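Structural characterization, general
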Amino acid sequence: MQTSTPQAPTVVVVIPFYNGAHFIERSVGSVFAQSVPATEVIVVNDGSRPEERAALDALAQRFPFRIIDKENGGQGSARNAGVAASTCEYISFLDQDDFYLPNHIEILVKGIPADEPRIGFIYADLAEADGEGNIIRAAMVKDHTSHHPKTSIFEMLRHDIFVLPSAALVSRKAFDAVGGFDTQFMGFEDDDLFLRIFRKGYTNHFIDKVVTVWCIHTGSTSFDMRMIRSRFKYFKKLVGMFPDEPRRNRYFLRDYLMPRFGRYFMDHVIEAVKAEDPNRAEMSEVLAEYAAIVYANPAVGGRKKLELRTTIFMVEHSPPAVIRAIGALTRLPGVRSLRRLLG
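So, here is what we can say about the structure in this document.

1. Brief notes about the overall build of the protein chain
When its secondary structure is counted, the protein chain shows 14 helices and nine strands. Expected size for 343 residues packed as a compact globule is a radius of gyration near 20 Å; at 22 Å, the protein chain falls within 12% of this value. By its C-alpha atoms, the protein chain is 75 × 50 × 35 Å across when sized along the principal axes. For the protein chain, the share of sequence-separated contacts (at least 6 apart) that also reach a separation of at least 24 residues comes to 76%. Total accessible area computed for the protein chain in this model is approximately 16,400 Å², and 54% of it derives from carbon and sulfur atoms. Treating the 42 positive side-chain charges of the protein chain as one cloud and the 42 negative ones as another, the clouds have centres 7 Å apart.

What follows is the structure, given as structure tokens:
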């Protein structure tokens, strides 16, 4: 009697595209050079300029991918649109300026646990590179955090999750169960997605291999105001999702969210003051709103609140020259501690 061979899972690769003609050929080329081909490849044009959109048409003459056009809404909404246009069982994302290593899909598909019906995502490591793809460091996920796979909500709140969609394979069932990416974010949508998948009861699996090259350059969203705004939106969403539980001795704001996010909100203002950045007022508003949330929380001690008030006053009322001088002295423990007061 013959036994049937299990059918290989179907995989769609979704690439959000926004005015990225300089990079997209490298990304698309890496997808079509895979040792195990994708079932489908979708590039989502997220409201690019006409000449950038024309570059996609020219590239599609050489590579058989599908183009979906939508109004600009950010990376999360573009990814959601790409997933909605496909019926594949698993989703593999790729940012337009990154690229897969040749065995990316093969490694991740082989890593799908055969006996785990609730698998949410399989993820692997990636290499960091500059904008031209020159490697800076390998295995950056392991360098960043040693907590793999993800098994604790407390670790996922205290630290960046560091599961990168471009180095992950996401189950469509899990993706649909949580409603995909939260489109209010243009940064931190990844952490938000994987945290919600985890909370929904889906499991995850880590593969200790590098499968993707993550190219970081000054045009990346990590370096603009959108990321700063999105970080604060994510912080506020987590504050709402995880109220303190005194009976269980769980104080989420004090013990997890302040240490993770607070220093960033202070640093944004410090750097804006030093550079006399035109966005300083907005960054100061973010810091003030963050401080109000801290002051209103009874679990945060009075000394911590006083230190926060004092530090904010000093930063907000010191001239740029003084802040720059302080920045030059940050190697001194006493001065360095100023940036740690928030967390």
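2. A closer look at the packing of aromatic side chains
Any aromatic ring pair is given by two values, namely how distant the centres are and how the planes are angled relative to each other. For the structure on display, the rule yields 23 aromatic pairs. For the pair Phe242 and Phe252, a centre-to-centre distance of 5.4 Å together with 45 degrees between the ring planes defines the contact as tilted. Here Phe242, found in the loop between α9 (225–241) and α10 (252–275), pairs with Phe252, found in helix α10; they are 10 residues apart in sequence, far enough to count as distant. The buried category is assigned to Phe252, whose relative accessible area is 3%. Here the aromatic cluster, defined as three or more aromatic residues joined through ring pairs, consists of Phe185, Phe188, Phe232, Tyr234, Phe235, Phe261, Phe265 and Tyr290. Just above the ring of Phe93 sits the side chain of Arg79; from NZ or CZ to the centre is 5.6 Å. Above the ring of Tyr295, the side-chain terminus of Arg309 is found at 3.9 Å from the ring centroid.

3. Looking at helix α1 (residues 21–31)
All of the buried residues along α1 are Phe23, Ile24, Ser27, Val28, Gly29, Ser30 and Val31. Buried positions along α1 lie against β1 (11–17), β2 (40–46), α2 (50–60) and β5 (99–100).

4. Examining the pairing of β1
Most of β1 is tucked away: seven of the seven residues are buried. Taking every second residue as pointing to the same face, both faces of β1 are buried, with Val11, Val13, Ile15 and Phe17 on one and Val12, Val14 and Pro16 on the other. Two strands pair when backbone bridges link them, and β1 and strand β4 (residues 90–93) are joined in this way by four bridges, in the parallel orientation. If you follow Val12 over to β4, its bridge partner there is Ile91. Where β1 meets β2, six bridges bridge the pair, whose relative direction is parallel. Directly across from Val12, in β2, lies its bridge partner Glu40. In this view, the connection linking β1 to its parallel neighbour β2 by way of α1 has right-handed handedness.

5. Observations concerning helix α3 (residues 75–84)
For α3, the tally of buried residues reaches seven of 10 residues, placing the bulk of the element in the interior. Listed in full, the buried residues belonging to α3 are Gly76, Ser77, Ala78, Arg79, Asn80, Gly82 and Val83. Along its buried surface, α3 packs onto β1, β2, β3 (66–70), β4, α7 (172–177) and α8 (189–199).

6. Digging into the pairing of β4
Going residue by residue along β4, you find Tyr90 and Ser92 tucked away on one face and Ile91 and Phe93 tucked away on the opposite face as well. Summarising the sheet, β4 and strand β8 (residues 168–171) pair through two bridges and their orientation is antiparallel. Paired with Tyr90 across the strands is Ser171, a residue of β8.

7. Quick look at the side chain of Ser284
When you line up the elements, Ser284 lands in helix α11 (residues 280–295). A relative accessible area of 15% means that Ser284 is categorised as buried.

8. Quick notes on unusual backbone geometry
Along the chain, His148 connects to Pro149 via a cis peptide bond; the corresponding omega equals -10 degrees. Of note in this structure, Asn19 is not a glycine but carries a positive phi near 45 degrees. Take Asn19: it is sitting in the loop between β1 and α1. Classification of Asn19 as partly exposed rests on a relative accessible area of 22%. With a phi angle near 60 degrees, Asn249 is a residue other than glycine that sits in the positive phi range. On the basis of relative accessible area, Asn249 is assigned to the exposed category, the value being 58%.

9. With respect to the packing of α10 against helix α12 (residues 302–317)
Direction vectors running N to C along α10 and α12 enclose 20 degrees, while the axes themselves pass 10 Å from each other. Here α12 runs roughly parallel to α10, going by the angle between their axes. In this structure, the crossing between α10 and α12 has a hand that is left-handed. The residues of α12 that touch α10, namely those facing Met258, Met266, Val269, Ile270 and Val273, are Lys304, Thr311, Ile312, Val315 and Glu316. Split by residue class, the contact of α10 with α12 holds seven nonpolar, one polar and two charged.

10. Considerations on the packing of α9 against α11
Across the interface, α9 lies against α11 with an axial gap of 11 Å and an inter-helix angle of 15 degrees. Accordingly, the angle class assigned to the pair α9 and α11 is roughly parallel. Two packed elements cross with a definite hand, and for α9 against α11 that hand is left-handed. Together, Met225, Ile228, Arg229, Phe232, Phe235, Lys236 and Val239 of α9 and Glu282, Met283, Val286, Glu289, Tyr290 and Ile293 of α11 make up the contact between the two elements. For the contact of α9 with α11, the per-class residue count stands at nine nonpolar, no polar and four charged.

Rules and cut-offs
- Residues numbered from 1 in each chain as written.
- Predicted model: local features only at pLDDT ≥ 70, side-chain atom pairs only at ≥ 80, totals over all residues.
- Heavy atoms only, no water.
- Helix = DSSP H or I, 4+ residues; strand = E, 2+ residues; numbered from the N terminus.
- Rg over C-alpha atoms; globule rule 2.2 N^0.38 Å.
- Contact = heavy atoms within 4.5 Å.
- Areas by Shrake-Rupley, 256 points an atom, 1.4 Å probe, with all protein chains shown as cover.
- Lys, Arg positive; Asp, Glu negative; His and termini not counted.
- Charge placed at Lys NZ, Arg CZ, Asp CG, Glu CD.
- Phe/Tyr/Trp six-rings, centres within 6.5 Å; stacked < 30°, edge-to-face > 60°.
- Buried < 20%, exposed > 50% of the residue type's maximum accessible area, 1.4 Å probe, protein only.
- Lys NZ or Arg CZ within 6 Å of the ring centre and 35° of its normal.
- Pairing = 2+ DSSP bridges.
- Right-handed = clockwise from strand over helix to strand, strands pointing away.
- Axes fitted to C-alpha atoms, helices over the stretch in contact; angles between N-to-C directions.
- Parallel < 35°, antiparallel > 145°, perpendicular 65-115°, else oblique.
- Left-handed = near helix turned anticlockwise from the far one by under 90°.
- Nonpolar A, V, L, I, M, F, W, Y, C, P; charged D, E, K, R; others polar.

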